[in-house]
Amino acid sequence: MSILFINGSPNAKGNTAKLAEILLTNTDYETLNLTDFIIGSYGQKLEGDGLDTVISKMKATDTIVIGSPVYWHNICGSVRNMLDRFYGKVDNGTLKGRKLYFIFQSAAPEKWMLEAGEYTMSRFAMLYGMSYCGMVNNKEQALKMSHEF
């Protein structure tokens, strides 16, 4: 099984990455830090755009783990831009057969924030044909869910 961790945090070794390490204990996985890529907002055409690279990596893996810190009560901008940019660029069902896990890291998230993030990611998974396997937002959840790998 191949696993891709897409880290939306600007801190490559921060809390989001640490939760991924716990979730993916005893597995080999590749990490893509979105801040290493130019991925503009929907509608922008930027030289050196890296979204095609990210999509290619997603297509080439069995399991995708997307990690986002909670910024302004929601999914961080780098992950949001990636999700938004799929619209019109990636056909529905393109990632069929893959599993999607979501890491949504925050010091003190409120219930509605977690629900909003999970709703977005579950809808994203459904639209592109992935099986949504759940959200992790703390160490205990990551340890519990790590047994699925």
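Residues numbered from 1 in each chain as written. Predicted model: local features only at pLDDT ≥ 70, side-chain atom pairs only at ≥ 80, totals over all residues. Heavy atoms only, no water.

Moving on to the packing of aromatic side chains. A ring pair, where both rings are aromatic, is described by two values, the distance of the centres and the angle of the planes. Taken as a whole, this structure holds 6 aromatic pairs when the rule is applied. Where F86 meets Y128, the ring centres are 5.1 Å apart and the plane angle is 65 degrees; that geometry is what we call edge-to-face. Residue F86 is found in helix α3 (residues 77-86), and its partner Y128 is found in the loop between α4 (111-127) and β6 (131-136); the two are separated by 42 residues along the sequence. This pair shows no difference in class: F86 is buried, exactly as Y128 is. Ring geometry for F124 and Y128: centres 5.2 Å apart, planes at 55 degrees, overall tilted. Taken as a pair, F124 and Y128 share a single burial class, namely buried. Three or more aromatic residues joined by ring pairs form one cluster here, namely F86, F124 and Y128. (Phe/Tyr/Trp six-rings, centres within 6.5 Å; stacked < 30°, edge-to-face > 60°. Helix = DSSP H or I, 4+ residues; strand = E, 2+ residues; numbered from the N terminus. Buried < 20%, exposed > 50% of the residue type's maximum accessible area, 1.4 Å probe, protein only.)

Quick look at the pairing of strand β5 (residues 99-105) now. For β5, the buried fraction is high: 6 of the 7 residues fall into the buried class. Here 7 bridges tie strand β3 (residues 63-71) to β5, and the two strands are oriented parallel to one another. In the sheet register, V65 faces β5, and the bridge partner there is Y101. Regarding topology, α4 serves as the crossover connection from β5 to the parallel β6, and that connection is right-handed. (Pairing = 2+ DSSP bridges. Right-handed = clockwise from strand over helix to strand, strands pointing away.)

Function cannot be inferred from these measures alone, as they are strictly geometric.
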